[in-house]
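Inside the fold
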Amino acid sequence: MRLLNISSIKIGQALSSSMVALVISIAMTSSHAATDISKIYNDSCAACHDSGALNAIKKGDSAQWQRLIERKGMPALIDSVKGGMIQMPAGGLCDSCSDDDYRKLIEYMSK
Ligand code: HEC
């Protein structure tokens, strides 16, 4: 009986700590999108796209971004960032960005 109790407490503890981990990771993923994109933007793309340095299209210049997205299409724009352009370094200073991050960053800048 005593042994049983101990092991059920242990199982209970293991379960509750993994529940906590699960809740934390759910909380982190759900806030991921909004906070991280603006943070990634600030840490990388903003260096040029905030001020329009080197003639980069500025964040918030929706008309110009919209024209570019319509003309080239999102997949081509993602490729441009990954491969770099004349002035833009490959990856746009974001080493850990996925294609999806680049898409979100482009959408973020076009708003
Ligand atoms: C060092 C400056 C710099 C950084 C950092 C930078 N860009 Fe750029 N970007 C440019 C410039 C300049 C252009 C215009 C094309 C050129 O001359 O290279 C450009 C063009 C683009 C384009 C248009 C591509 C096309 O096919 O016309 C996209 C999309 C883009 N940047 C996205 C990003 C994203 C997303 C990031 C951050 C992950 C980023 N850039 C970081 C300078 C930068």
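So, here is what we can say about the structure in this document. (Residues numbered from 1 in each chain as written. Predicted model: local features only at pLDDT ≥ 70, side-chain atom pairs only at ≥ 80, totals over all residues. Heavy atoms only, no water.)

A word on the overall build of the chain
Heads up, the condition is: Here a helix means four or more residues in a row that DSSP labels H or I, a strand means two or more in a row labelled E, and each is numbered from the N terminus. A 1.4 Å probe rolled over the protein chains alone gives each residue an accessible area, and that area as a share of the maximum for its type sets the label: buried under 20%, exposed over 50%, partly exposed in between. Residues are treated as being in contact if the distance between any of their heavy atoms lies within 4.5 Å. Under the convention used here, a 1.4 Å probe and the Shrake-Rupley method define accessible areas, while residue burial counts only the protein chains that appear.
Broken down by element type, the chain carries 5 helices and 0 strands. In the chain, the order of α-helices and β-strands from amino to carboxyl end is α-α-α-α-α. With 111 residues in all, the chain has 27% of them scored as buried. The contacts of the chain with a sequence gap of at least 6 include a subset with a gap of at least 24, amounting to 52%. Surface exposure of the chain reaches about 7600 Å², of which carbon and sulfur atoms provide 62%.

Considerations on the coordination of the iron atom of the ligand
Basically, it comes down to this: Coordinating N, O and S atoms are those within 2.8 Å of the metal (3.2 Å for Na, K and Ca), and as water is not part of the atoms, a site may appear to have fewer donors than expected. In these descriptions, tetrahedral denotes four donors with every angle between 85 and 135 degrees, square planar four donors and octahedral six donors with opposite donors over 155 degrees apart and the rest between 65 and 115, and irregular any other case.
Only His49 (NE2) and Met88 (SD) from the protein reach the iron atom of the ligand as donors, at distances of 2.0 to 2.1 Å. Each of the 6 donor atoms bound to the iron atom of the ligand contributes to angles spanning 84 to 180 degrees, and the resulting shape is octahedral. Of the two residues, histidine 49 sits in helix α2 (residues 46-49) while methionine 88 sits in the loop between α4 (74-83) and α5 (99-109), which places them 39 residues apart along the sequence.

Comments concerning the state of the cysteines
Disulfide: a covalent bond formed between the sulfur atoms of two cysteine residues. Test applied: Disulfide assignment relies on a single distance test, namely cysteine sulfur atoms paired within 2.5 Å.
Under the criterion given, the structure shown has 1 disulfide. The side chain of cysteine 94 participates in a disulfide bridge whose partner is cysteine 97; the two sulfur atoms lie 2.0 Å from each other. Judged by the sign of its S-S torsion, about 90 degrees, the bond between cysteine 94 and cysteine 97 is right-handed. Of the two residues examined, cysteine 94 and cysteine 97, each falls in the buried class.

Considering the site of the ligand
Convention followed: Any residue with a heavy atom lying within 4 Å of a molecule or strand is counted as near it. Throughout this description, a polar contact denotes any pair of N or O atoms lying within 3.5 Å of each other; where both atoms belong to protein, one of them has to be capable of donating a hydrogen while the other can accept it, and for residues adjacent in sequence the pair is counted only when both atoms sit in side chains. Think of a 1 Å grid over the protein atoms and nothing else: a 1.4 Å probe that fits but is trapped marks a cavity, an open set flanked by protein within 12 Å on at least five of seven lines marks a pocket, and residues with an atom within 4 Å of a point count as lining. What decides whether a molecule sits in a cavity or pocket is whether more than half of its atoms lie within 2 Å of the grid points. Classification convention: Asp, Glu, Lys, Arg as charged; Ala, Val, Leu, Ile, Met, Phe, Trp, Tyr, Cys, Pro as nonpolar; all other residues, Gly among them, as polar.
Near the ligand you find 24 residues, and of these Cys45, Cys48, His49, Ser80 and Met88 are the closest. Between the ligand and histidine 49, the relevant distance is 2.7 Å, taken from a nitrogen atom to a side-chain nitrogen or oxygen of the residue. Judged by the proximity of its atoms to the pocket grid, the ligand belongs to the largest pocket. The set of elements that each furnish at least two residues to the shell around the ligand consists of α2, α3 (62-72), α4 and α5. No other element matches α5, which puts 4 residues into the shell around the ligand. The residue makeup of the shell around the ligand, split by class, is 17 nonpolar, 6 polar and 1 charged.

Re the packing of aromatic side chains
Note the threshold: Two rings belonging to Phe, Tyr or Trp (six-membered ring only in the last case) form a pair when the distance between their centres is within 6.5 Å. Interplanar angles under 30 degrees mark stacking, angles over 60 mark edge-to-face geometry, and anything in between is tilted. Two conditions define a charge sitting above a ring: the NZ of Lys or the CZ of Arg must be within 6 Å of the ring centre, and it must be within 35 degrees of the ring normal.
Under the counting rule described, the total for this entry stands at 1 aromatic pair. The lysine or arginine in question, lysine 59, covers the ring of tyrosine 108, its NZ or CZ lying 4.4 Å from the ring centre.

Examining the pattern of salt bridges
This is how the line gets drawn: By salt bridge we mean one thing: a side-chain nitrogen of Lys or Arg within 4 Å of a carboxyl oxygen of Asp or Glu.
Under the criterion given, the structure shown has 5 salt bridges. Between aspartate 99 and lysine 82 there is a salt bridge, with its nearest N and O atoms 2.9 Å apart. Residue aspartate 99 is located in helix α5, and its partner lysine 82 is located in helix α4; the two are separated by 17 residues in the primary sequence. Judged by its relative accessible area of 40%, aspartate 99 is partly exposed. Here aspartate 100 ties to lysine 104 by a salt bridge, and the two come within 3.3 Å at their closest N and O atoms. Residue aspartate 100 and its partner lysine 104 are located together in helix α5, separated by 4 residues, close to a single helical turn.

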